[in-house]
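# Working through the structure, step by step
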Amino acid sequence: MVMSSHTETASDERFERTTGFEWTERAFELLGTGELRAEIQERRPGGRWAHVWGQCPRCGHRIDDWQPLSAVTGLLGGRRTSSDTGEIVDVEPVDVGCGCGTTHPGAPDGTTGCGVSFRIELEPVPDDDPAD
Amino acid sequence: MVNGGSNYRPKKPSSTPSQGSLAERDAFIALARQSLPAVRASAEAWRNGLSAFLTLVTAGVIIKGRDTTAGLPASWRVVITALIGGGLALAVAGLWRVLAAQAGTRYRLSTRQDIRRTYGTVEAYQVAVAERATDDLHTGRRLVFAALGLLLLGVGVSWWAPPASTSPPAYLKATFNNTDACGVLRSADNGQLRLAVIGRHDPIVIPLAQITNLAVVPGCA
């Protein structure tokens, strides 16, 4: 069930595999309020990681999601990759599933999280952007 | 507020995750998880392969060396050296390509966007890796077959090459009356030694009684 007020949490939210756009919109709202946060970390060595943490847009439980954005490959070596150059190229879409660790009603055995998947997009900030 | 890290900021998405994009995310995570095992397996394969190369080159060039060709005429030695050397070079090149097919080459850190931009999906990237390995394998096999041909030809030529001409087998240097004479022995009978020396049409005749020293030498300086 979609709650009308997104500021409330619903710890008894039933499990549902959903990718409804409202949850992506809700996640963007939470990013604006700081209740959900996202960043891209670049570590040397260690490559690039997306880190999303804060409130799940559907169940309101705390999530802490790390995703690798780089991997060791054996075929892209013909030219320099953006990992080598440190070049920031495109908007980075990060698809996040609720991994709140809570077993929600109706969830399959051994499954935690409320079942929602939502998208966060992170765009590079230009060097001369005053908002930076 | 540090949303999006220092170099990124959130942007309102225009679409929601699809089954395909979620599968792609999972595939990339699996690829990243395989980074360490893949590199270690590759390192092991390269270590074994490079050791084999060293053995091959050492056995073929350094140890065997000139044993089989030392007694052959120079022109045949050149042919055999070219065949064996070419065969070894092709063998190393072919085995290198086969090893590259097994162990991969050019491992490096790539981003999800690199893969997306170049191949579209992780699956397409893996197909491209497989295709590259197939190409390497085919090329490597051709090179090794060619190398075997050259090596066998080299061995065959070394079997059938005529021995180096040994005429004369040696020269003789005679010392008599405090003089040295060096040349080809024509005869030594009736108390005389006959030497054909360079620069004289007729052999010089030296009484054996006058000779104070005789030596077999490889050539007359």
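Residues numbered from 1 in each chain as written. Chains lettered and ligands numbered in written order. Predicted model: local features only at pLDDT ≥ 70, side-chain atom pairs only at ≥ 80, totals over all residues. Heavy atoms only, no water.

Leu36, Ile63, Cys98, Phe118 and Ile120 of chain A are the most contacted members of the largest nonpolar core, which totals 23 residues. Listed by contribution, the elements that provide at least two residues to this core are helix 1 (21-33), strand 1 (36-43), strand 2 (47-55), strand 5 (92-97) and strand 6 (117-124) of chain A. With four residues, helix 1 of chain A is the largest single contributor of residues to this core. Setting aside its immediate chain neighbours within four residues, Ile120 of chain A contacts Leu31, Leu36, Ala38, Val52, Glu92, Pro93 and Val94 of chain A together with Pro13 of chain B. Of all hydrophobic cores here, the second largest spans ten residues; its members include Ala174, Leu195, Ile204 and Ile206 of chain B. (Core = buried A, V, L, I, M, F, W, Y, C linked by side-chain atoms within 4.5 Å. Buried < 20%, exposed > 50% of the residue type's maximum accessible area, 1.4 Å probe, protein only. Helix = DSSP H or I, 4+ residues; strand = E, 2+ residues; numbered from the N terminus. Contact = heavy atoms within 4.5 Å.)

Positionally, Thr73 of chain A belongs in strand 4 (residues 70-73). Judged by its relative accessible area of 0%, Thr73 of chain A is buried. Among the polar contacts made by the side chain of Thr73 of chain A, one reaches the side chain of Ser110 of chain B at a distance of 2.6 Å. With residues up to four places along the chain from it excluded, the contact list for Thr73 of chain A reads Leu31, Arg106, Tyr107, Arg108, Ser110, Ile115 and Tyr125 of chain B. (Polar contact = N/O pair within 3.5 Å; in protein donor to acceptor, adjacent residues only side chain to side chain.)

All names here are of chain B. As summarised here, the arrangement of the five strands in space is 6-5-4-3-7, forming an open sheet in which the pairing is antiparallel. The open sheet has two edge strands with one neighbour each: strand 6 (204-207) and strand 7 (211-217). Neighbouring strand axes in the sheet, compared pairwise and without regard to direction, differ in orientation by 45 degrees on average. As paired elements, strand 4 (residues 179-189) and strand 5 (residues 192-196) share five bridges and run antiparallel to each other. In the strand pairing of strand 5, Leu185 is matched with Leu195. (Pairing = 2+ DSSP bridges. Axes fitted to C-alpha atoms, helices over the stretch in contact; angles between N-to-C directions.)

We now examine the pairing of strand 5 of chain A. Looking along a regular strand, one sees side chains alternate from face to face of the sheet. All names here are of chain A. Burial analysis of strand 5 places five of its six residues in the buried class, the great majority of the element. In terms of strand pairing, strand 5 meets strand 6 through six bridges, oriented antiparallel. When the bridges of strand 6 are listed, Glu92 appears paired with Leu122.

All names here are of chain B. If you trace the backbone, Arg77 turns up in helix 3 (residues 74-103). Residue classification places Arg77 among the partly exposed residues on the basis of a relative accessible area of 31%. Residues Arg77 and Ala161, 84 residues apart in the sequence, show an inter-C-alpha distance of 8.9 Å. Every residue in contact with Arg77, bar those within four places of it in the chain, is listed here: Thr69, Ala70 and Leu72.

Moving on, we come to the confidence of the model for chain B. All names here are of chain B. When pLDDT is averaged across chain B, the result is 84; 91% of the residues are at 70 or more. For chain B, the element scoring lowest by mean pLDDT is helix 2 (residues 35-63), at 80; strand 6 scores highest, at 91. For residues 1-5, every residue scores under 50 in pLDDT, and the model assigns this stretch 24 contacts once sequence neighbours within four places are set aside. For this predicted complex, the interface confidence reaches an ipTM of 0.76, while the overall pTM sits at 0.64. (pLDDT = per-residue confidence, 0-100.)

Okay, the sheet that holds strand 1 of chain A next. Sheets are built from strands that pair by backbone hydrogen bonding, the pairs being arranged parallel or antiparallel. Residues and elements named next belong to chain A. Across the sheet, which stays open at both edges, the three strands sit in the order 1-2-3 with antiparallel pairing between neighbours. Edge positions in the open sheet fall to strand 1 and strand 3 (62-68), since each of these has one partner strand only. For this sheet the average axis-to-axis angle between neighbouring strands, irrespective of direction, equals 15 degrees. Relative to strand 2, strand 1 is paired through eight bridges, and the arrangement is antiparallel. For Leu36, the partnering residue across the bridge sits in strand 2 and is Gly54. Taken strand by strand, helix 1 contacts strand 1 and strand 2, and its axis lies near 80 degrees from that of strand 1.

Below, the discussion takes up the pattern of salt bridges. The final tally for this structure, using the stated rule, is 15 salt bridges over all chains. A salt bridge links Glu92 of chain A to Arg116 of chain B; its shortest N-O distance comes to 3.9 Å. Highlighted residues: Glu92 of chain A in strand 5 and Arg116 of chain B in helix 4 (residues 112-119), drawn from two different chains. According to the relative accessible area criterion, Arg116 of chain B is partly exposed, its value standing at 33%. Taking the shortest distance from any N to any O, the salt bridge between Arg117 of chain B and Asp114 of chain B comes out at 2.9 Å. Of this pair, Arg117 of chain B and Asp114 of chain B are both found in helix 4, three residues apart, which corresponds to roughly one turn of the helix. Overall, the relative accessible area of 0% leaves Asp114 of chain B in the buried class. (Salt bridge = Lys/Arg side-chain N within 4 Å of Asp/Glu carboxyl O.)

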